[in-house]
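# Secondary and tertiary structure notes
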Amino acid sequence: MLDIVSKINDFKMSRRAFIGWSSAIAVTTAIPVSRGLVAKAENNIGIAETDGEGIWKTAACWHNCGGRCVNKVLIKDGVVIRQKTDDTHEDSPDFPQQRGCLRGRSQRHQVFNADRLKYPMKRKNWAPGGGKKELRGKDQWVRLSWDEALDIVASETKRITGKYGNEAIMVTGGDANIRNAMSAIGGFSACYGSSSWGAWRWIWENMGVGEGLIVNGINDRIDLRNSQLIVLWGANPAWSSMGSVTYNFLQAKKAGARFITIDPLYTDSANVFDADWVPVRPGTDDALAFGIMYTLLDEDNPTTNPLVKWDFLDKYTIGFDEDHMPEGADPKDNFKDYLLGTYDGQPKTPEWAAEICGVEPSKIRELAREIGGTERVALLTAWAPARIANGEGWVQAFSTLGMMTGQMGGSGKMTGVSCWEYAGNMGPFLLTAGGKGLPAITNPIDNQINENEMWDAVLDGKFLQRYEKERNVNIQFIYHNYENHLQTRSNIAKGIKAHHEVEFVVTNAYALTTNAKYSDIVLPVATQWETAGAVKGGNREILINWSKIIEPLYESKTDQEIAEALLQKLGKDPKEVFPITAEQQYFNQLSGSMVMKENGVDYEPLCTITSQDIKEWGVEGTPQKGRIPLKEFVDTGIYQVPRKPGDNFGFIAYKDFIDDPEANPVSSESGKFEIYCKAINELSKTAYSEIAPIPKYEVKVHGYEATFEDWEAKKKGKYPYQMINPHYLRRSHSTLDNVPQLREAWPNPVYISRKDADEKGVKDGETVLLSNEYAKSLRPAAVVETIMPGVIGLPHGAWVDFDEKTGIDRGGADNLFVPHIPKGLGSSGFNTARVNFEKWEGEPLEEDVKWEQRIIKF
Ligand SMILES: Nc1nc2c(c(=O)[nH]1)N[C@H]1C(S)=C(S)[C@@H](COP(=O)(O)OP(=O)(O)OC[C@H]3O[C@@H](n4cnc5c(=O)[nH]c(N)nc54)[C@H](O)[C@@H]3O)O[C@H]1N2
Ligand SMILES: Nc1nc2c(c(=O)[nH]1)N[C@H]1C(S)=C(S)[C@@H](COP(=O)(O)OP(=O)(O)OC[C@H]3O[C@@H](n4cnc5c(=O)[nH]c(N)nc54)[C@H](O)[C@@H]3O)O[C@H]1N2
Ligand code: SF4
Ligand SMILES: [Mo]
C-alpha cells in the first residue's frame, strides 16, 4: 500500500510541475494563432530554443491510436521544428488537459521521414495482366509521372472490369474517397470484419447489453470515482488508451477504489493502480467467469451471504433459470442448470474452470466473494479478451456476471467495455462534429467477404456471403487504402500468396507499408498535415479540429485528389462524387459542430460564424450564432466541456431501463437483458459456427486446448505456447512503426516468461525463433516475470520483413501466426494463436532502429 501512495504522490508531483509550466504558456496562447504566436514568446517560458519567428498551429493526430489529444506544431519556413500538446487551459482532475503521447509528439518524424514516398511508381517487372507477379514484394521500383500512373490504373481497371466484372475488384480500408470513386464506376467486392471489437461486434445489440460496443455501456469518468472495486478484465489503458484515461482512473483510486486486473500480463496499468493481478490464459476468460458464477450460486445465502442479486435477475433479465425462460425455449436450456451441470453432468466449478484458465480454484472463489460481496463494482473489459476465435460465449458470460451481481445501472456500478478513446468515460457525446456534406454513394455490388477468409476467397474463388450462402468470386484487382490489410489481418503468408495470384494491386501510401510493398502501382498520398483540415471527436467531452500545416510534400496528392484524377481518367465527372472542395468539407464540419447545453439535454451550434468569416474562407455558408467564435475554435484546436461532480453531464449506463424497464426497454428482442438470446443463436446458423443462446464454454480454434497433442494425457503439441498481441506504445497498429525515434524508445521485443525462457535456456536480450505452421519470425526476447508462463506476448503491428533467402521474418509481425479461420459470426480472432519458440543459433538480431529505412532512390 505504501508503495502505491508514493507512486501516486510522485505522479501528482510531476503533474503539478507540468501545471506550473503550462499555466505560463496559457498567457501566451491568448494571442490568436492566426496573428502568429511567435517563437520568442516561447523563449519567455524557457522551452524553445528557436531564434526566428514561427507559427504554432493545431496539427492532425489522426490515427486509430486509442486516444485523441491536442497536438500543436511550430512551423517555420514550411517545416515543423517543434511539437507540444494541450496547454489551452489549466489542468485539474475534473477538467484535465488532453495531453498527447510519445507517438503524437513524434508525428513530425513521420511526416518528414526520409522514407516518405515521393513519386508515383510501378514495379519494374509489371506488365498489363500482372507481368511477373511472383516478384511482388521484391521487385525494383520505377518512377512514373502521375499521368502515366493513373493511365495504368485506369486501363487495368477497364480491362479487368471488362473481362471479369466489377466484382473482381476488392477495395480494402476505410477511405471513403476511393470507395466512393469505385462505387461510382460500378462497384467492388467489399470485405468486413470485427477487427477491434472481436466478438462484441455483433452480440451486444441482440443481448440487449446496451450500447456496450462503443459509447453507452458504462458510466462516465466522474461516476467512476464512486466505484469501490474496479476490475480491469483484459484492459490496459496505460498502454492502449493514451491521453487522460489513466489519470481519470487514478482519481477513482484517490477516491478509494481498489483494483484487480485479470490479464495474462502484469500490465503498466496494474502497476500504476497497484492492482491485485490475476493471471489468466488467453481465450479462457469464459471458463473463469463460469467458475466465479458457480461460486456465487454455490455460496449465496439471501439472508446471511447475499451474493446473487435475485431481484435484478428477476426484473431485468430472461434465461437465468427455468422460471425465466422465453416462450418457446426448452426450459432445460436455462443458464443456472448449465452452471450446475444438471443436464450435461459437468458442474462449472472452480476446479473445472482452473484446469482451463489456469487460475487457482481458491483464487476463483476469492474473486467471486469480492465481486459478489462489494456494493459498487466496475466490471470493465477491453475488447482484447473478445478478439479471439469463438469469443461470443465470453461476451455472454461476462455480461451475465454483471447481471448476476446487479452491477449495472447504478452509481459506481457498471459492467461493460472500457476501451479505446472512451475508456472509463462513457455517455452521450457532449460535442459532435458536423458532416462533410459529400453525397452518399452506394456500392452497387453487395459482396461482403469476411476478413478471416478474404485471402482464401482470392485463392479459392469462393466465400460465404454474409448471413446468406456460399458465393463465387474472382478477385483480380486489390486496391488498398488507409488500412494495412496485408499486415493487420490474419495469416500474412497466405495474404502474400493471394497478392501473388491476382492480376493487379494498387496502394495509396505515404511510406512503403506492407500493402505498398506487395503492390504493382504505388500512389504517394499526402498525410493529414497536408490536407485542408478536419474536425474529430475523441472522448465525449472534447472536439478537436486541425488545419493544414504544410503543402503536400514532394509529388504527393491527397486521397481526394487521387480519387478525382482517377474518375477523370475513367471518363466520370469527379464532381458527381466530390461536388465540393476539401476546404468546404472542413468548413461544413466546423459549422455543423454542436455542443450540449448546460441543461445536459439540448445542443447548440459550437461556432459563431459571421459573413466576414464566410468571405475569408471563400466558402458557401450562412452566418450562425454559436458558443464561441469560429476563429477561436480553429486557433485553439479544441473545445472541451468543463466538468465537475454534480453537473448535468453525468452518465449512468442503463439507468432509464433500471428505473422503468417497461417504458425504456433495451435493444434485445424481449426488451430485457437476454441471458438466453435466441437471436444470437439464429444468426449464427447463417454464419460460421453455431453459438448457443446462453453463455456456454466453447473450445477455441488455436486456443489453449489446441496447444496440446493429447488433452486427456496433458501432452503438449508442436506449438505449445499461446500467443497474444498487446497493442504497443511505439506505434498505432503498424502506423508510425517506421519512425526511428520511436523504434529507439520502444525496441519491440517478444515477451517471454522467465520460467519458459529458463526451460529453453534463453537469456534476456537473446534472439529467439518463433514458429508455427504458417510462419517463422525472429525477435529479441524480453525475459520477464510479468507474463504468465505458457503465454508469449508479441506486440501488435510490427512490419513484416522477410529474409528472401531463408523465408524467415525478422520484423516480428504478429499476423504471421494468426490463423485465417472464420468462426462464430466471423469475428476477429487475433488473441488466439499458438506458437513454439527456441533459441536462435544464427546471427543475433540487430536492433531494428539500426536497420536501413525503406527509402526508395531513383
Ligand atoms: N494480430 C493482431 N492483428 C490485429 C490486432 C491485434 O490485436 N492483433 N488489432 C486489430 C485492430 S484493433 C485494428 S483497429 C486493426 C487496425 O488495422 P489497420 O487499420 O490496417 O491499421 P494501421 O496499421 O494503422 O493501418 C492504417 C494504414 O493507413 C495508412 N494511412 C494513414 N493515414 C492515411 C491517409 O491519410 N491516407 C491513406 N491512403 N492512408 C493513410 C497508414 O500508413 C497505414 O498503413 O488491426 C487489427 N489487427
Ligand atoms: N499504444 C497503442 N494503443 C492503442 C492501439 C495501438 O495500436 N497502440 N490501438 C487502438 C485500437 S484501434 C484498439 S481497438 C484498442 C484495443 O485495446 P485493447 O482491446 O485494450 O487491446 P490490448 O491493448 O491489446 O489488450 C488489452 C489487455 O488485454 C490483455 N489480453 C489479451 N488477450 C487477453 C485474453 O484473452 N484475456 C484477458 N483477460 N486479457 C487479454 C492484454 O495482455 C492487454 O493487457 O487499442 C487502441 N490503443
Ligand atoms: S494518443 Fe493518439 S491522438 Fe493522442 S497524441 Fe497519441 S497518437 Fe496522438
Ligand atoms: Mo482497433
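Remember, predicted model here, so these are calculated numbers, not experimental data.

### Considerations on helix 11 (residues 285–299)
Along its 15 residues, helix 11 runs 21 Å from first to last C-alpha, staying within 8% of the 21 Å computed at 1.5 Å per residue. Buried residues dominate helix 11, accounting for 13 of its 15 residues.

### Focus: the site of ligand 3
Around ligand 3, the structure places Cys61, Cys65, Gly67, Arg68, Cys69, Gly100, Cys101, Arg103, Gly104 and Met242. Looking at side-chain class alone, the shell around ligand 3 contains 5 nonpolar, 3 polar and 2 charged residues.

### Quick notes on unusual backbone geometry
In this structure, Asp77 takes a positive phi of about 50° despite not being glycine. Considering the arrangement of structural elements, one finds Asp77 in the loop between strand 2 (72–76) and strand 3 (79–84). Look at Asp77 and you get exposed, because its relative accessible area is 72%. In this model, Asn748 sits at a positive phi of 65°, which is unusual for a non-glycine residue. With respect to the helices and strands, Asn748 occurs in the loop between helix 28 (740–745) and strand 32 (750–753). By relative accessible area, Asn748 is classed as buried at 1%.

### Here's the deal with the confidence of the model for the chain
Per-residue confidence for the chain averages 93 on the pLDDT scale, and 93% of its residues sit at or above 70. Segment residues 1–51 is flagged for pLDDT under 50; beyond a separation of four residues in sequence, or across chains, it makes 68 contacts in the model.

### Some details on the environment of Tyr554
For Tyr554, the location among the structural elements is in the loop between strand 22 (542–547) and helix 21 (559–569). Through-space distance from the C-alpha of Tyr554 to that of Leu117 is 8.2 Å; in sequence the pair is 437 residues apart.

### Here we look at the site of ligand 1
Contacts to ligand 1 come from 26 residues, most closely from Asn484, Thr488, Asp559, Ser734 and Thr735. Here Tyr482 contributes a backbone N or O atom positioned 2.9 Å from an oxygen atom of ligand 1. Between Thr735 and ligand 1, the recorded distance is 2.6 Å, taken from a side-chain N or O atom to an oxygen atom. Out of a free accessible area of 920 Å², ligand 1 has 95% covered by protein chains. Residue composition of the shell around ligand 1, grouped by class: 6 nonpolar, 15 polar and 5 charged. Inspection of the shell around ligand 1 shows a minimum of three residues originating in each of domain 2 (121–194 + 443–542 + 554–587 + 627–640) and domain 4 (704–850).

### With respect to the sheet that holds strand 21 (residues 533–537)
Read from one edge to the other, the open sheet built from 3 strands follows the order 21-22-27, with strand pairing classed as antiparallel. Because the sheet does not close on itself, it has two edges, and the strands there are strand 21 and strand 27 (638–640). Pairwise comparison of adjacent strand axes, ignoring direction, gives a mean angle of 10° for this sheet. Helix-sheet contacts for helix 23 (residues 582–591) involve strand 21 and strand 22, and the interaxial angle to strand 21 is about 35°.

### Description of the sheet that holds strand 18 (residues 477–481)
Here 8 strands make up an open sheet; going across it, the order is 5-4-20-19-18-6-7-15 and the pairing mixed. Edge positions in the sheet fall to strand 5 (141–143) and strand 15 (448–450), since each has one partner strand and no second. Taken over all neighbouring pairs, the strand axes of this sheet differ in orientation by 25° on average, direction set aside. The pairing of strand 6 (residues 169–172) with strand 18 spans 4 bridges and is classified as parallel. For Met170, the partnering residue across the bridge sits in strand 18 and is Ile478. Across the face of the sheet, helix 5 (residues 176–184) comes into contact with strand 6, strand 7 (189–192), strand 18 and strand 19 (504–509) while running at roughly 160° to strand 6.

### A word on the pairing of strand 31 (residues 721–724)
Both faces of the sheet carry side chains from a regular strand, because those side chains alternate between them. Of the two faces of strand 31, the one carrying Tyr721 and Met723 and the one carrying Gln722 and Ile724 are both buried. Pairing analysis gives 3 bridges linking strand 31 to strand 36 (residues 833–839), with the strands arranged antiparallel. Pairing of Met723 across the sheet is with Ala833, part of strand 36.

### Points about the pairing of strand 9 (residues 258–262)
Where burial is concerned, most of strand 9 is hidden: 4 out of the 5 residues are buried. When strand 8 (residues 229–233) meets strand 9, the two strands line up parallel, connected through 5 bridges. Residue pairing for strand 9: Val231 is matched across the bridge by Ile260. Bridge count for strand 9 against strand 10 (residues 276–278) is 3 bridges, and the pairing is parallel. Its bridge partner being in strand 10, Ile260 is matched across the sheet by Asp276.

### Concerning the nonpolar core
Trp200, Ile230, Trp233, Leu288 and Phe673 are the most contacted members of the largest nonpolar core, which totals 96 residues. Element by element, the count of residues in this core is highest for helix 11, at 9 residues. The residues touching Trp233, leaving out its near neighbours within four places in the chain, are Ile262, Asp285, Leu288, Ala289, Ile292, Leu380, Thr381, Ala382, Pro385, Trp394, Phe398 and Leu401. Ile75, Val525, Ala563 and Phe578 belong to the second-largest nonpolar core, a separate cluster that totals 53 residues.

### Observations regarding the pattern of salt bridges
Note that side chains of opposite charge can pair when their charged atoms are close. A complete count under the given rule lists 49 salt bridges for this structure. Note that Lys631 is salt-bridged to Glu616, the shortest N-O span being 3.7 Å. Here Glu616 lies in helix 24 (residues 611–617) and Lys631 lies in helix 25 (residues 630–636), a separation of 15 residues in the sequence. On the accessibility criterion, Lys631 (42% relative accessible area) is partly exposed. One salt-bridge network, in which partners are shared between bridges, spans Asp220, Arg221, Glu541, Arg643 and Asp647.

### A word on the packing of helix 14 (residues 350–357) against helix 15 (residues 361–373)
Two elements in contact, helix 14 and helix 15, have axes separated by 8 Å at closest approach and are oriented at 115°. Taken together, the axes of helix 14 and helix 15 lie roughly perpendicular to each other. The handedness of the crossing between helix 14 and helix 15 comes out as right-handed. Contacts between helix 14 and helix 15 pair Pro350, Glu351, Ala353, Ala354 and Cys357 from the former with Pro361, Ile364 and Arg365 from the latter.

### Focus: the packing of aromatic side chains
Considering all chains together, one arrives at 38 aromatic pairs under this definition. On the basis of an interplanar angle of 20° and a centroid distance of 6.0 Å, the ring pair of Phe477 and Tyr479 is categorised as stacked. A single burial state applies to Phe477 and to Tyr479, both of which are buried. Of the aromatic side chains, those joined through ring pairs into one cluster are Phe290, Trp310, Phe320, Phe335, Tyr338, Trp352 and Tyr697.

So, how was this worked out
Residues numbered from 1 in each chain as written. Chains lettered and ligands numbered in written order. Predicted model: local features only at pLDDT ≥ 70, side-chain atom pairs only at ≥ 80, totals over all residues. Heavy atoms only, no water. Helix = DSSP H or I, 4+ residues; strand = E, 2+ residues; numbered from the N terminus. Expected span 1.5 Å × (residues − 1). Buried < 20%, exposed > 50% of the residue type's maximum accessible area, 1.4 Å probe, protein only. Near = heavy atom within 4 Å. Nonpolar A, V, L, I, M, F, W, Y, C, P; charged D, E, K, R; others polar. pLDDT = per-residue confidence, 0-100. Contact = heavy atoms within 4.5 Å. Polar contact = N/O pair within 3.5 Å; in protein donor to acceptor, adjacent residues only side chain to side chain. Areas by Shrake-Rupley, 256 points an atom, 1.4 Å probe, with all protein chains shown as cover. Domains from an automatic or database assignment. Pairing = 2+ DSSP bridges. Axes fitted to C-alpha atoms, helices over the stretch in contact; angles between N-to-C directions. Core = buried A, V, L, I, M, F, W, Y, C linked by side-chain atoms within 4.5 Å. Salt bridge = Lys/Arg side-chain N within 4 Å of Asp/Glu carboxyl O. Parallel < 35°, antiparallel > 145°, perpendicular 65-115°, else oblique. Left-handed = near helix turned anticlockwise from the far one by under 90°. Phe/Tyr/Trp six-rings, centres within 6.5 Å; stacked < 30°, edge-to-face > 60°.

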